Amino acid sequence: MPRDWITSLLDNMIGVGDMVLLEPLSEDSFIENLRKRFDHNEIYTYIGSVVISMNPYRSLPIFTPEKVEEYRNRNFYELSPHIYALADEAYRSLRDQDKDQCILITGESGAGKTEASKLVMSYVAAVCGKGQEVNKVKEQLLQSNPVLEAFGNAKTVRNDNSSRFGKYMDIEFDFKGDPLGGVISNYLLEKSRVVKQPRGERNFHVFYQLLSGASDDTLKKLKLDRDFSKYNYLSLDSAVVNGLDDAANFRTVRNAMQIVGFMEDEVQSVLELVAAVLKLGDIEFKPESRCNGTDESRIKDKNDLKEMCELLGIEQSVLERAFSYRTVEARLEKVSTTLNVAQAYYARDALAKNLYSRLFSWLVTRINESIKVTRHKVMGVLDIYGFEIFEDNSFEQFIINYCNEKLQQIFIELTLREEQEEYVREGIEWTNIEYFNNAIICDLIENHQNGILAMLDEECLRPGTVTDETFLDKLNTICAEHQHFESRLSKNSKFLTDHSLPHNCFRIQHYAGKVLYRAEGFVDKNNDLLYRDLSQAMYKANHSLIKQLFPEGNPAKVNLKRPPTAGFQFRASVGTLMKNLQTKNPNYIRCIKPNDKKASHIFTDSLVCHQVRYLGLMENVRVRRAGYAFRQAYEPCLERYKMLCKRTWPHWRGPAREGVEVLMADLPVPAEEFSYGRSKIFIRNPRTLFFLEERRRQCLQDLATLIQKIYRGWKCRSHFLLLKKSQIVVAAWYRRYAQEKKYQKIKSATTVVQSYTRGWQVRREYRKFFRANAGKKIYDFTIQRIMQKYFLGLKSTMPSVSPIDKSWPANPYRFLDGVHTELRRIFHLWRCKKYRSQFTEEKKAVYEEKLEASEIFKDKKALYPSSVSQPFKGDYLEISKNPKYQKLHSAVDEKVLLADVVNKINRANGKGTARIFLLTKKSVVLADQKTGQVKASVPLPDLASVSVSTQSDGFFALRLKEGSASAVKGDFLLSSDHLIEIITKLHRTGATAADSEQLDIDISDEFLLQFKHDKVCVKFIQGAPKNGNSVSCKRKNNRLLEVSVPTTA
Ligand SMILES: Nc1ncnc2c1ncn2[C@@H]1O[C@H](COP(=O)(O)OP(=O)(O)OP(=O)(O)O)[C@@H](O)[C@H]1O
Ligand SMILES: [Mg+2]
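Residues numbered from 1 in each chain as written. Chains lettered and ligands numbered in written order. Predicted model: local features only at pLDDT ≥ 70, side-chain atom pairs only at ≥ 80, totals over all residues. Heavy atoms only, no water.

Going by what an unreviewed UniProt entry lists, the protein chain is known as Unconventional myosin-Ib and is assigned to Sander lucioperca. Looking at the protein chain in UniProt, the text filed under Sequence similarities (unreviewed entry) is "Belongs to the TRAFAC class myosin-kinesin ATPase superfamily. Myosin family." Entered under Subcellular location (unreviewed entry) in the UniProt record, the comment concerning the protein chain runs "Cytoplasm, Cell cortex". (UniProt positions renumbered as here; feature names shortened; annotations may be inferred.)

Structure representation (structure tokens):
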């Protein structure tokens, strides 16, 4: 919830929310204020920290979850008065300050105590921790209410749901404020109600709930009938209560029992006991006269007894006997007497009451088993039966009112007396406020020597005849002088004529009014006698729960001592309760009922006024107004508020009191608002406290902001420092990197500059050398490299050394074309030379001749190619060896260079005649082939020329020099197969022989020959191959000799 605006109970106030602020303060204005607020549905009003609660008798929309949220963690005086504010305050001081709390809810019957206690519990359950386990505990605690209310509440004339027992519940919390469990203490159930109810009232709710809500099946099992009228113990006139749905409530109760942790068979046993009580009420007795004149009782109709015994597993005869006899054991004796009808009824009712009240106590124990835990922090909620005044008040009312008296006492103790005493103790200036202290009434009732309860016990324990009258007598004697005791028969003459005071009654002036008690029944009820026969009969039952409820029936544990009386027990338990409450921080809710009619919107002034008076509310306001709303020891006060002053914050190094004085002086609080006691400071007004709290809250907020600020600053600074550190590292690395980069750049630039400079220097120095030669050098080097490469390439691709091998590697460089060709040529020459160097002289001569032949004829005569392959033999006729030519050989004194057979063409007809042709160094000799006779010998110098044709014929003409000796015979026309050889040798010999000019070789297809006297033209023509391949020669006329040479293919 946002707290940007500060609320207060003063906002939109109807009347005043806190009676302390009432002006003027009088009873009338007090009541008027209550009325005004009540009319505006403001049912809660404060007196300081005490909450006055008016019963609205209708549901108001102020108990919603939203309201719970609104009041949660809010300052007590911050919002309009509410029971939630008190619950929140109690819960928070329990949780935060570890102070055990108790919530004391007082008020008369029907004022709304039970409702208030439930509201407190539900508020605490809503605001405390959540979680599976915690929720289970909460549920169990809350659900214990419907169970206990069903068995312990009843409709009375004052209240439709009146608590007929006292209940104090300790809710236990862990250190976090989560509920762990609880313990319930119950105080004296009004058990007389089980057997008898005053007019207009009902028995306990559970009977009606069972009969209306249980299924037919269940009822059958319990041997019950739905009809209320069948049961004597159920009063009929108010069996049905408006606005109370018994059937629905039965389901709620069963469900609650399940949640609290009752097992199914336990629930069944409980219902069986409830049914048994109803059955018990229906058992009736009739008198039967015995021979000794006494009356003995007999059971009228045994059917009910039978059914009840079946329900509880009791042997019928055992119970029947227990209703007829009473055994009294005294030391060693056992005396059995018969019961008369009245005694039998008494026994029956006693059994019913005991059965029921023990069942109720068992229920509480059983619930405690489910919710009990070890003690931690405790918040106690006390919801006890309220002060009540009936027409007919008996022992129960006496007990109830005594209890309320005690509660008033504790209220007075803690709020009025204690407060005033504290002022005195602390040395605070104080004018005493008068108030009525009911200690005197408490003393009248509970004094151990002469208190009413003590005297009642005395009477009950006294031997001899004891009746209610003897008890009253005793009271009359002993209490006669007591201001608050009134009785007709007391020695106090005041009441002798008081007719409103019957003889068999006594009256007590309680703090809340006078109550008339009828003495009848006091002794019995206090004795709470259950005949041992009955308890023994119960113990024998075959029913585990019944057995548990009557442990004294165990024959093995017979105890002859009288059990403590009801009054004694109650006084003891109230005493324990009071001690318990005094150890806790009390929170008061004072309930007031606005009318007697259980109606909404009705505000009966007199009734309210009465309650205001006896509750001592006026005194409460006066003390509160005169006194101080708040006090606190100096140390915790200083500790709590020291941040409000600079001098005390953060440490005060002196006595706490001085610290508080300094602190308060520093604050804008009027001096009359507080006083300094010996050990405590007293603050007059809640407003002042509220102001302090508010300032403290603001200061805490500021401190939190400061802490937050410093923390944030620290966090940011550390973060910043970290960033800075990182930045330095990053920057360092980056700078290093950048510098490195820059350095490298400079370095490389320097190197460049340096190299340029050096280059420049060197170049300047070496320019003279460098410039002139470098190009050439490079060029030479390159060329060298190329050449090297070229030659190495050539070396690996050289053709073979055979002179006829025509291959030659391709030239890789154009510019080496010349070289390449030259090399090829050289290589060729070289390999030719190499080839030639292998030749012998003869072979060499042969080749020389061949070479000469080539020079003469190559491409000039068609016959030449065919001669190339023919070796030049020279001496075909082996002239020197052949004897046939001996003569001839000898005739020729020169060495014969060539000897062959040739055809000498006849000049006349062109026919050929075979002749031996010899060539020597000096001459050419023609001789007859057969005889070897020399026909003609021509010295070489006489030869002018030799003529041959261009064609493939073997004709040749030897032309003689004119005028020479040989010329007489005329030129010779010859034909040979070895023409080429003959001509070549002739040419060679002719050249060397006569040192003359070389012999002309005339190659043409037409030449003139001198035949004796005539000049004849020899003409070569291409002839058709008429006569095979042979060449034919014909004398055409005197001047023409025609040689026809066949064409060669
Ligand atoms: N705050 C409330 N809002 C609405 N109705 C209420 C409130 N308080 C009490 N009542 C009504 O008043 C009736 C009686 O209240 P409650 O049972 O709490 O009285 P009591 O003080 O416990 O009486 P007793 O002493 O007899 O037990 C309730 O049944 C309910 O109808
Ligand atoms: Mg109640």
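Once the structure has been displayed, the description carries forward.
1. With respect to the site of ligand 1
Neighbouring residues of ligand 1: 19 residues in total, closest S109, K113, T114, S162 and S163. Between an oxygen atom of ligand 1 and a main-chain N or O atom of G110, the distance comes to 2.8 Å. Within the backbone of N161, one N or O atom sits 3.2 Å away from an oxygen atom of ligand 1. Summarising the interface, the protein chains cover 86% of the accessible area of ligand 1, which totals 620 Å² for the free molecule. By residue number, the principal contributor to the shell around ligand 1 is helix α4 (residues 113–127), which donates 3 residues. (Near = heavy atom within 4 Å. Polar contact = N/O pair within 3.5 Å; in protein donor to acceptor, adjacent residues only side chain to side chain. Areas by Shrake-Rupley, 256 points an atom, 1.4 Å probe, with all protein chains shown as cover. Helix = DSSP H or I, 4+ residues; strand = E, 2+ residues; numbered from the N terminus.)

2. Some words on the coordination of the magnesium ion (ligand 2)
Protein coordination at the magnesium ion (ligand 2): the donors are T114 (OG1) and S163 (OG), at 1.9 to 2.0 Å from the metal. With a gap of 49 residues between them, T114 in helix α4 and S163 in strand β5 (residues 162–163) connect regions that are remote in the sequence. Under the relative-accessibility criterion, S163 is labelled buried at 7%. (Donors = N, O, S within 2.8 Å, 3.2 Å for Na, K, Ca; no water. Buried < 20%, exposed > 50% of the residue type's maximum accessible area, 1.4 Å probe, protein only.)

3. A word on the nonpolar core
Among the nonpolar cores identified, the biggest contains 186 residues, and F30, F151, F207, L319, F323 and F506 are the most heavily contacted of them. For this core, the element with the most residues is helix α13 (residues 341–371), which contributes 15 residues. Among the nonpolar cores identified, the runner-up in size contains 30 residues, and A853, L863, V938 and I980 belong to it. (Core = buried A, V, L, I, M, F, W, Y, C linked by side-chain atoms within 4.5 Å.)

4. With respect to the packing of helix α7 (residues 205–213) against helix α9 (residues 246–260)
Two elements in contact, α7 and α9, have axes separated by 7 Å at closest approach and are oriented at 100°. For the element pair α7 / α9, the angle class is roughly perpendicular. Between α7 and α9, the residues in contact are Y208, Q209, L210, S212 and G213 and D246, A247, N249, F250 and V253, respectively. For the contact of α7 with α9, the class distribution of residues is 5 nonpolar, 4 polar and 1 charged. (Axes fitted to C-alpha atoms, helices over the stretch in contact; angles between N-to-C directions. Parallel < 35°, antiparallel > 145°, perpendicular 65-115°, else oblique. Contact = heavy atoms within 4.5 Å. Nonpolar A, V, L, I, M, F, W, Y, C, P; charged D, E, K, R; others polar.)

5. Comments concerning the sheet that holds strand β1 (residues 44–47)
Sheet architecture is open: 7 strands sit in the order β1-β2-β16-β3-β12-β6-β7, paired in mixed fashion. The sheet terminates laterally at β1 and β7 (179–187), the two strands that pair on one side only. Taking each pair of neighbouring strands and ignoring which way they run, the sheet shows an average axis angle of 20°. Across 6 bridges, strand β3 (residues 101–106) lies against strand β16 (residues 585–592) in parallel orientation. Paired with T106 across the two strands is R590, which belongs to β16. Packing against the sheet, helix α1 (residues 27–39) makes contact with β1, β2 (50–54) and β16, and its axis sits at approximately 150° to β1. Packing against the sheet, helix α5 (residues 132–152) makes contact with β6 (166–173) and β7, and its axis sits at approximately 15° to β7. (Pairing = 2+ DSSP bridges.)

6. So, the pairing of strand β19 (residues 680–683)
In the sheet, strand β17 (residues 630–633) pairs with β19 via 4 bridges, with the strands oriented antiparallel. Within β19, the position partnered with A633 by the bridge is K680. Counting the residues between successive antiparallel strands, the hairpin from strand β18 (residues 674–676) to β19 contains 3 residues.

7. What to know about the confidence of the model for the protein chain
Low pLDDT marks regions whose predicted coordinates should not be analysed in detail. For the protein chain, mean pLDDT is 86; residues scoring 70 or higher make up 96% of the total. Mean pLDDT per element in the protein chain: β17 is the minimum at 77, and α9 is the maximum at 95. This model gives residues 1–6 a pLDDT under 50, and the stretch forms 12 contacts once residues within four places in sequence are excluded. (pLDDT = per-residue confidence, 0-100.)

8. Quick look at the sheet that holds β19
Strands pair in a sheet through their backbones, by hydrogen bonds, and they do so in one of two ways: parallel or antiparallel. Strand order across the open sheet formed by 3 strands is β17-β19-β18, with antiparallel pairing between neighbours. Two strands in the sheet have a free side with no partner beyond their single neighbour: β17 and β18. Adjacent strand axes in the sheet meet at a mean angle of 15° when their direction is disregarded. Examined bridge by bridge, β18 and β19 share 3 bridges and lie antiparallel to one another. Its bridge partner being in β19, Y676 is matched across the sheet by I681.

9. Quick word on the UniProt feature "binding site: ATP" (unreviewed entry) in the protein chain
Look at the UniProt record and you will see "binding site: ATP" (unreviewed entry) annotated at G107, E108, S109, G110, A111, G112, K113 and T114. Mapping G107 onto the fold places it in the loop between β3 and α4. With residues up to four places along the chain from it excluded, the contact list for G107 reads K113, G386, F387, N404 and C591. Relative to the elements of secondary structure, S109 occurs in the loop between β3 and α4. Given the relative accessible area of 2%, S109 is considered buried. Among all residues touching S109, those that are not within four sequence positions of it are T156, R158, N159, S162, G386, F387, E388 and K593.

10. A word on the environment of R532
Topologically, R532 is positioned in helix α19 (residues 532–539). With relative accessibility at 24%, the residue R532 sits in the partly exposed group. It is 14 Å that separates the C-alpha atoms of R532 and L355, two residues lying 177 residues apart in sequence.

11. Quick look at unusual backbone geometry
With omega at 0°, the peptide bond leading from W649 into P650 counts as cis. Topologically, P650 is positioned in the loop between α24 (634–641) and α25 (656–666). With a phi close to 20°, L188 is a non-glycine residue in the positive phi region. Structurally, the position occupied by L188 is in the loop between β7 and α6 (192–195).

12. Some details on the packing of aromatic side chains
Within this structure, the stated rule accounts for 43 aromatic pairs. Plain terms: the ring middles of F471 and F506 are 6.5 Å apart, the flat faces sit at 85° to each other, and that makes the pair edge-to-face. A residue pair is termed long-range when its members are at least 10 positions apart, and F471 in helix α17 (residues 468–478) and F506 in strand β14 (residues 505–510) qualify at 35 residues. Take F471: its relative accessible area is 0%, and that puts it in the buried class. Judged by centre distance (5.7 Å) and plane angle (20°), the rings of F471 and F522 are stacked. (Phe/Tyr/Trp six-rings, centres within 6.5 Å; stacked < 30°, edge-to-face > 60°.)

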